[in-house]
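Single-letter residue listing:
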Amino acid sequence: FESTSAIKFVSIDDNNAVVNLIIGVQEISDKVKQTLTRNIAKIIKLDLGYNGVKIEFELLKKSDSILDEKRKIQYIGIASGKGGVGKSTVAVNLAIALNRIGKRVAIIDADIYGSSIPVLMAIKPQLPRTDENEKILPFTKENIEVISTEFFLKADQPLMWRGPMLGKMLNHFFYDVKWHEDIEYIIVDLPPGTGDVAIDIQKLIPECQMLIVTTPHPSASHVAVKAGFAAKELKHNILGVIENMSYLIHGDETISVFGVGGGQTVASKLNTECIATIPIGQPANQHPGIYSMSEAIGVAYLGLANKVVKALK
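The rules behind the values
Residues numbered from 1 in each chain as written. Predicted model: local features only at pLDDT ≥ 70, side-chain atom pairs only at ≥ 80, totals over all residues. Heavy atoms only, no water. Helix = DSSP H or I, 4+ residues; strand = E, 2+ residues; numbered from the N terminus. Rg over C-alpha atoms; globule rule 2.2 N^0.38 Å. Buried < 20%, exposed > 50% of the residue type's maximum accessible area, 1.4 Å probe, protein only. Contact = heavy atoms within 4.5 Å. Areas by Shrake-Rupley, 256 points an atom, 1.4 Å probe, with all protein chains shown as cover. Pairing = 2+ DSSP bridges. Axes fitted to C-alpha atoms, helices over the stretch in contact; angles between N-to-C directions.

1. Quick look at the overall build of the chain
Consideration 1: Counting its regular elements, the chain contains 8 helices and 13 strands.
Consideration 2: Its C-alpha radius of gyration of 20 Å places the chain within 12% of the 20 Å reference for a compact globule of 313 residues.
Consideration 3: Seen through its principal axes, the chain has C-alpha atoms that stretch 70 × 45 × 40 Å.
Consideration 4: Across the 313 residues that make up the chain, the buried fraction comes to 49%.
Consideration 5: Restricting the contact set of the chain to residue pairs at least 6 apart, pairs at least 24 apart contribute 74%.
Consideration 6: Carbon together with sulfur atoms contributes 50% to the accessible area of the chain, which is approximately 15800 Å² in total.

2. Regarding the sheet that holds strand β6 (residues 139-141)
Consideration 1: The 8 strands lie next to each other as β6-β7-β5-β8-β4-β9-β10-β13, forming an open sheet whose pairing is mixed. Lying at the two open borders of the sheet, with one neighbouring strand each, are β6 and β13 (274-277). Looking at each pair of strands side by side, their axes are set apart by 25 degrees on average, direction ignored.
Consideration 2: Of the pairings in the sheet, the one linking strand β5 (residues 105-109) to strand β7 (residues 144-148) comprises 4 bridges and is parallel in character. What sits directly across from Ala106, in β7, is Glu145.
Consideration 3: In the packing of helix α6 (residues 218-233) onto the sheet, contacts are made with β4 (74-80), β9 (209-214) and β10 (237-243), and the angle to β9 comes to roughly 170 degrees.

This is the structure in structure tokens:
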């Protein structure tokens, strides 16, 4: 299982001492399911002492997906310790900036409970179309391909899924979406914190490059450090820290609304660099979340994109 990354999800129901698993297999047949279920149940129940095991099987389609190693795609995870620090805004504007310097980019909105990428990019939530092979066709905006849970929900409907369902949705994003053949970078907007999705992402892309987003405020930087150490624990490489909402430009002054130094604190504790300080500001064109090149914030993101590309060479 370890050599093929076949374990897509694992959780334990402590109340009932039951293990929940999603296993990826090359072939789904009754014989394969019966053999694996019997062998896994023996280990979990007899060797490990649990009361039972619930197993779901999914077809591994790596050779027909963006996970095919021949595609040479760079995955950049955008993570934070808490919500409200502008993580998704960073994800969108980094993608836009990478495109502005000539890179072919896509966004996977993996912030499944709090998906906001469609809103920030002004993409109307609607069910995606499929091609003749039943592959999901992503939406395209600003030359960026996008997929999000938001496209599969009714308007304003809350998502109330447990871990296995989250794993299934992520698998659809990676295995069942027909991404453009020339995609070079995929920005993965992760949920805040260190829950199931972060662990599932590690199974899908073991060597994701991570950017940790914080604000200068101590409460944000404190939990951002935890997110960074969680990424290291999952063997991801941390590209650096982004201090968002770093300051407000007011005339000729800069005002530190949320304090000073949070980004540098996180970077020091994670033994990396604070590679960008992004000021506070509303896009001048009233767009929900994209800054233009005529704005200081848009220029700051362009600098961030160049640093990321250089770091990944």
